[in-house]
Amino acid sequence: MSPQTDSESFVLLRLAERRFAVAAGDIAELVAPSRIFRFPHHTKEIEGVILRRGRIVPVCDVAARLIGKSLLSRRFYLIAQRRYASSTEWVALPVTGDCELIFAEMIPASEADLPHVAGWLSHNGDVIEVLNLNALTPGPIAAQPTVPVEVLHQEALR
Amino acid sequence: MRLPAPVKSQPVRTEQIILFRVSGHLFAVSSASVQEVRSVDTLAGAAKEIALAGIRKVRHIVQRGEHSLYVVNGAMHFGLPPSPPALVFVLRRTRTALLVDGIEKMTTMTRLQALPQAFCNEERDWYRGVTAIDQTVVPVIKPEGFLTPDELFLLDTSLQPAEPATEIGSDFTNEASTETASQDAQPLLGAAPYGVKDADFAQPATDDSAIAGTAPGIFEELFRTPELDGSANTSSFAGAAPAVSGSFRSPDSNNSISTGATPYSSRGVLFAQLDSDDSASFPQ
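**Observations concerning the overall build of chain B**
Part 1 of the argument: Per the secondary structure count, chain B includes 6 helices and 14 strands.
Part 2 of the argument: The proportion of buried residues among the 284 residues of chain B is 39%.
Part 3 of the argument: A separation threshold of at least 6 residues defines the contact pool for chain B, and within that pool the share at least 24 residues apart is 61%.

**Here we look at the overall build of chain A**
Part 1 of the argument: The number of helices and strands found in chain A is 3 helices and 10 strands.
Part 2 of the argument: Mapped from its N terminus to its C terminus, chain A presents α and β elements in the order β-β-β-β-β-α-β-β-β-β-β-α-α.
Part 3 of the argument: Buried residues in chain A amount to 30% of all 158 residues.
Part 4 of the argument: For chain A, long-range pairs separated by at least 24 residues make up 51% of all intrachain contacts whose partners lie at least 6 apart in sequence.

**Let's talk about unusual backbone geometry**
Part 1 of the argument: With a phi angle near 50 degrees, Asn124(A) is a residue other than glycine that sits in the positive phi range.
Part 2 of the argument: Its location among the elements puts Asn124(A) in the loop between strand S9 (117–123) and strand S10 (126–131).
Part 3 of the argument: Although it is not a glycine, Gln135(B) sits at a positive phi angle of roughly 60 degrees.
Part 4 of the argument: Structurally, Gln135(B) is set in the loop between strand S11 (127–133) and strand S12 (136–141).

**Structural notes on the interface of chain A and chain B**
Part 1 of the argument: Each side of the interface is counted separately: chain A has 21 residues, and chain B has 21 residues.
Part 2 of the argument: When contributions to the side of chain A that touches chain B are tallied by element, the ones reaching two or more residues are strand S4 (46–52), strand S5 (55–60) and strand S7 (88–95) of chain A.
Part 3 of the argument: The residue inventory of the side of chain A that touches chain B, partitioned by class, reads 13 nonpolar, 6 polar and 2 charged.

**Let's talk about the confidence of the model for chain A**
Part 1 of the argument: When pLDDT is averaged across chain A, the result is 87; 85% of the residues are at 70 or more.
Part 2 of the argument: For residues 143–158 of chain A, every residue scores under 50 in pLDDT, and the model assigns this stretch 1 contact once sequence neighbours within four places are set aside.

**Some points on the environment of Val130(B)**
Residues and elements named next belong to chain B.
Part 1 of the argument: Counting through the fold element by element, Val 130 comes out in strand S11.
Part 2 of the argument: What makes Val 130 buried here is the crowd of 24 C-beta atoms within 10 Å.
Part 3 of the argument: With 10 residues separating them along the chain, Val 130 and Val 140 place their C-alpha atoms 5.5 Å apart.

**Some remarks on the nonpolar core**
In a soluble, globular protein the nonpolar side chains are often hidden away together inside.
Part 1 of the argument: Membership of the largest hydrophobic core comes to 85 residues, with the highest contact counts inside it found for Ala21(A), Val22(A), Val29(B), Val71(B) and Phe89(B).
Part 2 of the argument: Setting aside its immediate chain neighbours within four residues, Ala21(A) contacts Phe10(A), Val11(A), Leu12(A), Leu121(A), Ile128(A), Glu129(A), Val130(A) and Leu131(A).

**A short note on the confidence of the model for chain B**
All names here are of chain B.
Part 1 of the argument: Scored by pLDDT, chain B comes out at a mean of 68, with 54% of its residues at no less than 70.
Part 2 of the argument: Predicted confidence for residues 165–267 stays below pLDDT 50, and this span has 176 contacts to residues more than four positions away or in other chains.
Part 3 of the argument: Low pLDDT, under 50, characterises residues 274–284; the stretch is placed with 27 contacts to residues that sit more than four places away or in other chains.

**Overview of the pairing of S10(A)**
Residue and element names in this part refer to chain A.
Part 1 of the argument: Bridge analysis of strand S2 (residues 18–23) against S10 gives 2 bridges, and the strand direction is parallel. Across the sheet, Ala 21 pairs through a bridge with Val 130, a residue of S10.
Part 2 of the argument: Pairing geometry for S9 and S10, over 6 bridges, is antiparallel. The residue bridging His 123 from the neighbouring strand is Asp 126, located in S10.
Part 3 of the argument: Here S9 folds back onto S10 in antiparallel fashion, the turn holding 2 residues, of which Asn 124 has a positive phi close to 50 degrees.

**Quick notes on helix H3 (residues 149–159) of chain B**
Residues and elements named next belong to chain B.
Part 1 of the argument: Residues Leu 152, Leu 155 and Leu 159 constitute the buried set of H3. The arc enclosing the buried residues of H3, seen along the axis, measures out at 65 degrees, which places them on a common side. Turned more than 90 degrees away from the buried face of H3, the exposed residues are Asp 150 and Thr 157.

**A few points about the environment of Ala104(A)**
All names here are of chain A.
Part 1 of the argument: Position of Ala 104 relative to the elements: it lies in strand S8 (residues 100–108).
Part 2 of the argument: Residue classification places Ala 104 among the partly exposed positions, given that 19 C-beta atoms sit within 10 Å.
Part 3 of the argument: Sequence spacing of Ala 104 and His 123 is 19 residues, and the spatial spacing of their C-alpha atoms is 7.4 Å.
Part 4 of the argument: Those residues in contact with Ala 104 that lie beyond four places of it in its chain are Phe 10, Leu 121, Ser 122 and His 123.

What counts as what
- Residues numbered from 1 in each chain as written.
- Chains lettered and ligands numbered in written order.
- Predicted model: local features only at pLDDT ≥ 70, side-chain atom pairs only at ≥ 80, totals over all residues.
- Helix = DSSP H or I, 4+ residues; strand = E, 2+ residues; numbered from the N terminus.
- Buried ≥ 20, exposed ≤ 12 C-beta atoms within 10 Å, placed from the backbone.
- Contact = placed C-beta atoms within 7 Å.
- Nonpolar A, V, L, I, M, F, W, Y, C, P; charged D, E, K, R; others polar.
- pLDDT = per-residue confidence, 0-100.
- Core = buried A, V, L, I, M, F, W, Y, C linked by C-beta atoms within 7 Å.
- Pairing = 2+ DSSP bridges.
- Arc of directions from axis to C-beta.

Laid out in structure tokens, this is it:
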């Protein structure tokens, strides 16, 4: 039985020698690098922020996590939409080369795949990871559901 | 034929801010949150040294009336390289006096964007949000974010006198040693100590309140407004910023004194504000 497939549009991005894909619906625009403003913080994945169309957009270098090293040079910022519990915000991903819009069928990720992998697609003989930006970029940690104290007491008494 | 009535544009909503530097980084603080700006020289005689291993950013305490202000080193708080501070901001409605390198300027912001949610660590307690001033992005600090309730508790506890070593039902209290301990603790006191429950500080604001701003008192009432552009990330400010009394002087100016306010001590006060709110925590 073949795995379930979806036909969608994707944006291919390049990080050094590797290419990755993001669902085109999650992409806002591709912009030339602009000044990064840095201020103190403790979220190591975030380099700083850029000003874009009046918005202050965090710059998140995902290369360290995806290819094991930070980018020394960058050609564009791919501005993507990052979904949070109650809102969507822009996040700028530095990329090293041109981006390309393609149409392909995505094979959904399996349980064995890393959390940041939303699926896989085949393009020009390459198998390319489709990125799950919600898992790849930092954000608030969802609160763990708590067990009511009464339940714990009942279990302890058993 | 009647012409349609002209549409009245909404007045621009603004908030007056102070841009200041700490270790080369630029920050902003609402001017309404700053009660006084003093030269660090004026603290030399008034500040007592305090050394708490877990909170290295607080090295001094200033007694003000029956309250104590903890002097927070801004560079250490933000994890920046040390730099010689020249000024201290007494932050309104907190127990923090913040050491900074200097003031860049006073200006007005028309838009405060909530800190992007990608920033998900301690910085969420440090900043109300970010704003763009002259095409530069500046974080706007949250005055109550310099000392957490836990840190305040530790600091307050360190100021309390040693409790007599008595136990319920114990008949063997060593009165002599207890007395000695109390006497030893005296120089640390200076005022009746009080714990977290009595402290006049705000809990770290939630994201929503951060968007709405954290300026206290009248400022808060005036400036709690709907958003400028409908974006969930953006907040705006109603009305004009409250009038700022006082004047800025260079740190080495000897005769600097604010006008229209009654600072704690006129000597060395570079800037002070009229109490535009009910900041009863710092009676002057």
